[in-house]
Amino acid sequence: MNEVSRLVVWVRGRVQGVGFRWFTRARALEIGGLSGFALNLDDGRVQVVAEGPRGGCQSLLDWLQGDDTPGRVDGVTEIWDTPRGIYDGFAIR
């Protein structure tokens, strides 16, 4: 589970204006070893991109799909991909 992975997630629901990006960044930093970003999209979704150990990415995904997130998550779409290694830290965009 230590292979480096890239996770791209789109989160639907009431996820803007509730601190969702901030809490996502905090969770990614708490997990450790992850870089990427959380971004509000014009259609009301939040996009999350995380790169790092697959286990860490999976932990972030589990949190995004769980009941501990701020707001209300109605659905999560995920894609696993090859990491690009272009992020420095975990940002809010």
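Residues numbered from 1 in each chain as written. Predicted model: local features only at pLDDT ≥ 70, side-chain atom pairs only at ≥ 80, totals over all residues. Heavy atoms only, no water.

Draft legend 1. Broad picture of the pairing of strand β2 (residues 35–40). Of the pairings in the sheet, the one linking β2 to strand β3 (residues 46–53) comprises six bridges and is antiparallel in character. Each bridged residue has a counterpart across the sheet, and for S35 the counterpart in β3 is E51. Counting the residues in the hairpin turn of β2 and β3 gives five residues, including G44, whose phi is positive at 95°. As defined by bridge partners, β2 adjoins strand β5 (residues 90–92) across three bridges and the pair is classed as parallel. When the sheet's bridge partners are listed, A38 is paired in β5 with I92. (Pairing = 2+ DSSP bridges. Helix = DSSP H or I, 4+ residues; strand = E, 2+ residues; numbered from the N terminus.)

Draft legend 2. Representation of the UniProt feature "active site" (unreviewed entry) in the chain within the structure. Here, the residues flagged by UniProt with the feature "active site" (unreviewed entry) are R21 and N40. These residues run over 20 residues, yet every pair of their C-alpha atoms falls within 7.8 Å of each other. Looking at the element boundaries, R21 is found in helix α1 (residues 20–31). On the basis of relative accessible area, R21 is assigned to the partly exposed category, the value being 24%. Each residue touching R21, except ones within four places of it in the same chain, is listed here: A38, L39, N40, V46, I92 and R93. The residue N40 is located in strand β2 in this model. When near neighbours in sequence (up to four residues on either side) are disregarded, N40 contacts V15, Q16, R21, R45, V46 and R93. A polar atom in the side chain of N40 sits 3.5 Å from the side chain of R21. (UniProt positions renumbered as here; feature names shortened; annotations may be inferred. Buried < 20%, exposed > 50% of the residue type's maximum accessible area, 1.4 Å probe, protein only. Contact = heavy atoms within 4.5 Å. Polar contact = N/O pair within 3.5 Å; in protein donor to acceptor, adjacent residues only side chain to side chain.)

Draft legend 3. Examining helix α2 (residues 54–65) more closely. For α2, which comprises 12 residues, the first-to-last C-alpha distance of 16 Å matches the rise-based estimate of 16 Å (1.5 Å per residue) to within 8%. Every buried residue of α2 is listed here: G56, C57, L60, L61, W63 and L64. One face of α2 carries all of its buried residues, which in axial projection span an arc of 160°. Contact partners of the buried residues in α2: β1 (4–14), α1, β3, β4 (72–81) and β5. (Expected span 1.5 Å × (residues − 1). Arc of directions from axis to C-beta.)

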